[in-house]
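# Observations on the model geometry
Here are the chains, one letter per residue:
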Amino acid sequence: MKAIIVLGAAVWVEGPSPTLLRRSVHAASVWHGGGHDLIVACGGLGRFPPSEAAAIMTILRANDVPPTKILQEDQSTTTLENLIFARQILRSYDCAEITIVTDGYHGPRAKLVARTLGLRASVSSPGLKGSHLPTQARQYVRETFAYPAYAARLAARRIKGPLD
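Residues numbered from 1 in each chain as written. Predicted model: local features only at pLDDT ≥ 70, side-chain atom pairs only at ≥ 80, totals over all residues. Heavy atoms only, no water.

## Concerning the environment of T144
Tracing the backbone shows T144 in helix 5 (residues 133–157). According to the relative accessible area criterion, T144 is exposed, its value standing at 51%. Residues T144 and A54, 90 residues apart in the sequence, show an inter-C-alpha distance of 30 Å. (Helix = DSSP H or I, 4+ residues; strand = E, 2+ residues; numbered from the N terminus. Buried < 20%, exposed > 50% of the residue type's maximum accessible area, 1.4 Å probe, protein only.)

## A look at the pattern of salt bridges
Scanning the entire structure with this criterion turns up four salt bridges. For the salt bridge of D103 with R22, the shortest nitrogen-to-oxygen distance reads 2.9 Å. On the criterion of sequence distance, the pair formed by D103 in the loop between strand 6 (97–101) and helix 4 (107–116) and R22 in helix 1 (residues 18–32) is long-range, its members being 81 residues apart. Here D103 matches R22 in class, with each residue buried. (Salt bridge = Lys/Arg side-chain N within 4 Å of Asp/Glu carboxyl O.)

## Some thoughts on the nonpolar core
Counting residues in hydrophobic clusters, the biggest one holds 24 residues, and the most contacted among them are I5, L83, L90, I98 and I100. Counting only elements with at least two residues in this core, the list comes to strand 1 (2–6), strand 4 (38–42), helix 3 (79–90), strand 6, helix 4 and helix 5. Among residues more than four places away in sequence, those in contact with I98 are A3, I5, L83, L90, A114, L119, R120, A121 and S122. If you look at the next biggest cluster of nonpolar residues, it comprises 19 residues, including I4, V30, A55 and L60. (Core = buried A, V, L, I, M, F, W, Y, C linked by side-chain atoms within 4.5 Å. Contact = heavy atoms within 4.5 Å.)

## A look at the packing of helix 3 against helix 4
With their axes 10 Å apart at the nearest point, helix 3 and helix 4 run at an angle of 40 degrees to one another. Judged by the inter-axis angle, helix 3 sits oblique to helix 4. Here helix 3 runs over helix 4; the crossing is right-handed. Between helix 3 and helix 4, the residues in contact are T79, L80 and L83 and R109, A110, V113 and A114, respectively. (Axes fitted to C-alpha atoms, helices over the stretch in contact; angles between N-to-C directions. Parallel < 35°, antiparallel > 145°, perpendicular 65-115°, else oblique. Left-handed = near helix turned anticlockwise from the far one by under 90°.)

## Here we look at the sheet that holds strand 5 (residues 70–73)
One open sheet holds the five strands; their spatial order is 5-4-1-6-7, and the pairing between them is parallel. On the outer flanks of this sheet lie strand 5 and strand 7 (120–124), each paired with one strand and no other. Taken over all neighbouring pairs, the strand axes of this sheet differ in orientation by 25 degrees on average, direction set aside. Relative to strand 4, strand 1 runs parallel, the two being bridged by four bridges. Of the residues in strand 4, the one forming a bridge with I4 is I39. (Pairing = 2+ DSSP bridges.)

Shown next, in the form of structure tokens:
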């Protein structure tokens, strides 16, 4: 079995942030491309309701993904939690492989976390259309420092094991 894991992003007072919308629409496109059995929508409740997972689910359903194929992980607040909690959900589905949907700047760190958790992971990222380019640039700079910090933290915690 193969699953798509959509990593959350902010929900604003007026609805899903452009980042969350881009990721969710891209996940629907990946789904319709075939080869996946489930989608896990990740992300807890941020500053504004609904949870990121619920917002992702709404967008996926609006893009013709069957609701019976969408699972929600609505407790996480970090990339590490997204993938730990999604892994717990996928235990009962005998999922051997995942495709993580997140932005390009975030993909390497998400893949690092997934592999540390024992998941066979690839990353698929939406294009930059509709994104705020200065924000994207700031995020790329942020990830330059976040990746090694996460790698050190993961090594210190010794998180590992496939779906355990």
